[in-house]
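# Observations on chain architecture
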Amino acid sequence: DRLVSTAPNGCAIVLDEDAPLVRIGLKATLLQLLETGVMHTDPHGGNLLRGPALPDADARGSGARLWSRKKAPIARNQLLYLDFGLIADVPLQVRDGLVCAVMYIIQRRWGRVASLFNRLMLLPDWVLEDQETMRRFTADLEVAADAALDFGSGADTAEPRVPQLRFAALLEQLALLAPRYEFRLPPYFLNNARAL
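Below or above, wherever it landed, is the structure these notes cover. (Residues numbered from 1 in each chain as written. Predicted model: local features only at pLDDT ≥ 70, side-chain atom pairs only at ≥ 80, totals over all residues. Heavy atoms only, no water.)

## With respect to the overall build of the protein chain
Note the threshold: Numbering goes from the N terminus for both helices and strands, where a helix is a DSSP run of H or I of at least four residues and a strand is a run of E of at least two. Burial status follows relative accessibility: with a 1.4 Å probe on protein chains alone, a residue under 20% of its type maximum counts as buried, one over 50% as exposed, and anything between as partly exposed. Residue contacts are counted whenever heavy atoms from the two residues lie within 4.5 Å of one another. Surface accessibility in these figures is a Shrake-Rupley result with a 1.4 Å probe; residues are shielded only by whichever protein chains are displayed.
From N to C terminus, the protein chain includes 8 helices and 10 strands. Relative to its full complement of 196 residues, the protein chain shows a buried share of 33%. The long-range fraction of contacts in the protein chain, counting pairs at least 24 apart against all pairs at least 6 apart in sequence, stands at 64%. About 12400 Å² of surface is accessible on the protein chain, with carbon and sulfur atoms providing 57% of the total.

Listed below in structure tokens is the structure:
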């Protein structure tokens, strides 16, 4: 069964009962990215399916066959990924940089985020080497973050918060910054961002 359906207005619909599968999908995507660096980068509704229910390990008991009909299993749905035509291999230095970037974004330390763009393989060396260009880039990055990230109420407090991402605003901000600082967007970058 399809995990995601489309409403007449074009919006994606996920049934409440499938919310745990959506959480599994998010965790799986992050694990693919951060643990192995090899990830499925096209997880749209047609490529994510609700699989058949499997018996829980506790319901099988020791030595029981997986699909024993003698005892009704406790059902648990599976998330199935299809169509591995778009796969990304993300280098370790980029994966490490992403972890650091998330931490610095939560802390709103834009100078630190800006300094990671070389490690993330997104900027040429000249941007990071020229202090004035780096200062302008950091200021522009903070403006972009204000447009693309929502830290919610209490954003001025000292308590760090994980922001909500406005994906359309992020793409708009990248389009503004990319030519100004000669961004290099590796082929996997936008697909990975969309997957997350």
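## What about the pattern of salt bridges?
Working definition: two side chains of opposite charge can pair if their charged atoms are close together. In plain terms, the rule: For this analysis, a salt bridge means a side-chain nitrogen from Lys or Arg found within 4 Å of a carboxyl oxygen belonging to Asp or Glu.
All chains considered together, the criterion is met by 3 salt bridges. R135 is the partner of E132 in a salt bridge, and the nearest nitrogen-oxygen pair spans 2.5 Å. You can see E132 and its partner R135 sitting in helix α6 (residues 131–148), 3 residues apart, about one turn around the helix. For R135, a relative accessible area of 49% puts it in the partly exposed group. The salt bridge involving E132 is made with R136; its shortest N-O contact spans 3.9 Å. A residue pair is termed a helical-turn pair when its members lie 3 or 4 positions apart in one helix, as E132 and R136 do in helix α6 at 4 residues. Given a relative accessible area of 37%, E132 falls into the partly exposed group. Taking relative accessible area as the criterion, R136 reaches 37% and is therefore assigned partly exposed. Connected through salt bridges with shared partners, the residues E132, R135 and R136 form a single ionic network.

## Let's talk about a nonpolar patch on the surface
For clarity, the cut-off: Excluding any residue in a salt bridge, patches collect residues exceeding 30% relative accessible area, merging like charges within 9 Å and nonpolar Val, Leu, Ile, Met, Phe, Trp and Tyr side chains within 5 Å.
On the surface, a nonpolar cluster with roughly 240 Å² of combined accessible area is contributed by L30, L34 and V99. With respect to the helices and strands, the residue L34 is situated in helix α1 (residues 19–36). Judged by relative accessible area, L34 falls into the partly exposed class, the value being 38%.

## As for unusual backbone geometry
Of note in the backbone geometry, D83 takes a positive phi value of approximately 55° without being a glycine. Relative to the assigned elements, D83 resides in the loop between β7 (79–81) and β8 (87–89). The phi dihedral of R108 falls on the positive side, at around 55°, and the residue is not glycine. Along the chain, R108 turns up in the loop between α3 (92–107) and α4 (110–115).

## Structural notes on the side chain of Q173
Counting through the fold element by element, Q173 comes out in helix α7 (residues 167–181). Not counting the four nearest positions on each side in its chain, Q173 is found in contact with A144 and A147.

## Examining the nonpolar core
Note the threshold: Residues enter a nonpolar core if they are buried and are Ala, Val, Leu, Ile, Met, Phe, Trp, Tyr or Cys, with the set joined through side-chain atoms within 4.5 Å.
Core analysis: the largest hydrophobic core is formed by 28 residues, its most contacted members being F117, L123, F137, Y181 and F183. The element that contributes the greatest number of residues to this core is α6, accounting for 5 residues. F183 has contacts with F117, L122, L123, F137, L174, L177 and A178, leaving out every residue within four places of it along the chain.

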